[in-house]
Amino acid sequence: MPELPEVEVTRRSFAHRILGARIVASEPGLPLRWPLGRAADELVGQTVRAVDRRGKYLLLMLDEGVLLVHLGMSGSLAFRPDLPPPGKHDHFDLVTTQGTLRLHDPRRFGAVVWSPALDADPARKLLSTLGMEPLGEQFDPAAFYAGLRRRRAPIKQVLLAGDVVVGVGNIYASEALFTAGIRPTTRADRLSRARSDRLHAAVRQVLARAVERGGSTLRDFSSAVGESGHFQLEAAVYGRGGQPCVVCATPLRQIRQGQRSTFFCPVCQRA
DNA sequence: CTATGGACCTGAATGC
DNA sequence: TGCATTCAGGTCCATA
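What counts, and at which threshold
- Per-chain numbering applies: the sequence of each chain, read as written, is numbered from 1 onward.
- As they are written, the chains are lettered A onward and the ligands numbered 1 onward, keeping that order.
- With pLDDT at 70 or above as the cut-off, local features in this predicted model cover only qualifying residues; side-chain atom pairs require 80 or more to be listed or tallied, and sums for whole chains, interfaces and linings still use all residues.
- In computing side-chain properties, one takes all heavy atoms of the structure into account and sets aside hydrogens as well as water.
- UniProt positions are given in the numbering used here, feature names are shortened, and annotations may be inferred rather than shown by experiment.
- A strand pair is defined by DSSP finding two or more bridges across the two strands.
- For the purposes of this entry, the term helix denotes a DSSP run of H or I that reaches at least four residues, the term strand denotes a run of E that reaches at least two, and both are numbered from the N terminus.
- For helices, the fitted line uses only the C-alpha atoms of the stretch in contact; every axis is such a line through C-alpha atoms, and the angle between N-to-C directions lies from 0 to 180 degrees.
- Only heavy atoms enter the contact rule, under which two residues are in contact if any of them lie within 4.5 Å.
- Throughout, the term near means that a residue has one or more heavy atoms lying within 4 Å of the molecule or strand in question.
- Within 3.5 Å is the distance limit for a polar contact, defined as a pair of N or O atoms, with the added protein rule that one can donate a hydrogen and the other accept it, and that residues adjacent in sequence qualify only through two side-chain atoms.
- Think of it as three bins: nonpolar holds Ala, Val, Leu, Ile, Met, Phe, Trp, Tyr, Cys and Pro, charged holds Asp, Glu, Lys and Arg, and polar takes everything else, Gly as well.
- Buried means the residue's accessible area, taken with a 1.4 Å probe over protein chains only, is under 20% of the maximum for its type, while exposed means over 50%, and partly exposed covers the values in between.

Per an unreviewed UniProt entry, chain A goes by the name Formamidopyrimidine-DNA glycosylase and belongs to Ottowia testudinis. Check the Subunit (unreviewed entry) section of the UniProt entry for chain A; it says "Monomer."

Novice: Can you help me understand the sheet that holds strand β1 (residues 23–28) in this one?
Specialist: Working definition: the strands of a sheet are paired by backbone hydrogen bonds and lie parallel or antiparallel to each other. Taking strand neighbours across the sheet as the criterion, the four strands line up as β1-β6-β7-β5 in an open arrangement whose pairing is antiparallel. Edge strands, defined here as strands with exactly one partner in the open sheet, are β1 and β5 (76–80). Neighbouring strand axes in the sheet, compared pairwise and without regard to direction, differ in orientation by 15° on average. Relative to strand β7 (residues 99–104), β5 runs antiparallel, the two being bridged by five bridges. Bridging across to β7, S76 finds its partner in H104. Packed onto the sheet, helix α1 (residues 4–18) meets β5, β6 (90–96) and β7 and runs at close to 30° relative to β5.

Novice: Which parts of the structure should I look at to understand the protein's contact with DNA strand B?
Specialist: DNA strand B sits among R33, K88, H89, P106, R107, R108, F109, R151, R152, A153 and Q259. When atoms of DNA strand B within 4 Å of the protein are sorted by moiety, sugar and phosphate together comprise 61%. R152 places a main-chain nitrogen or oxygen 2.3 Å from a phosphate oxygen of DNA strand B. Grouping the amino acids of the surface near DNA strand B by side-chain chemistry returns three nonpolar, two polar and six charged.

Novice: Got a minute to help me understand the UniProt feature "active site" (unreviewed entry) in chain A in this structure?
Specialist: UniProt marks P2, E3, K56 and R260 with the feature "active site" (unreviewed entry), using the numbering shown here. Positionally, P2 belongs in the segment before α1. The buried category is assigned to P2, whose relative accessible area is 10%. Summarising the element assignment, E3 is placed in the segment before α1. Overall, the relative accessible area of 7% leaves E3 in the buried class. Contact partners of E3, with chain neighbours within four places excluded, come to K56, G167, V168, G169, N170, I171 and Y172.

Quick look at the structure:
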């Protein structure tokens, strides 16, 4: 469910409500990607000063240190004054004076990690390899092009890898490449400057639009306060293998790249 | 250093 | 109905 737009929409939905709240308890359930360990106790008594985002990580800035929350493949957050007892797939509760933040994550690829500071481990290690923020100013065409020049892998996989630009997941990678008219299998370092610029604009546009729409998703994404089922994903290509291209009606193709599905139009995306 | 494949985990959809 | 297989929005790690 969560690519950058969904994470950002989630952030906006509860950031202002949890601001200034004091942490009363921290209750981990089944282990997630990394064990929270003793850090759970460090949280109690601290106040939430800000909720930021870096890539697909949510950053709860506390008096001392930062709590990193990642939604993995299947995670979602709820924040409410009162929540029912945790269910089978609820694996973390952060109880505060203003409500409880709950991580629901069936597959448990998500993570909750405490770090004493952003530039100290483990936050430093997790965040230091991340590429540019696609919606920030540092994401400019020249820097993007420079990043692509150093990579020989297929452009789709370079987008997904997140070390040039963060936040582009499997859905939006196919969508952005379609918008830019670029074949997903093209080597990143073979893109001309002009085509790189088009992709740069497409990545920005596709992600920004999804954020505006309140986070699109295949099924039923909902924000942390339960505003549900916002929008169906208006995918031009993702999940539409064999169906006609919205532009030229040619049947769309589905291929495998690095064990992930990729969708494209063989006519609109020639090279 | 880059690139690739396997690993983590559960549930839903599909095929026999 | 049951059972095996495939697939799913992410990313870390070991290996070439």
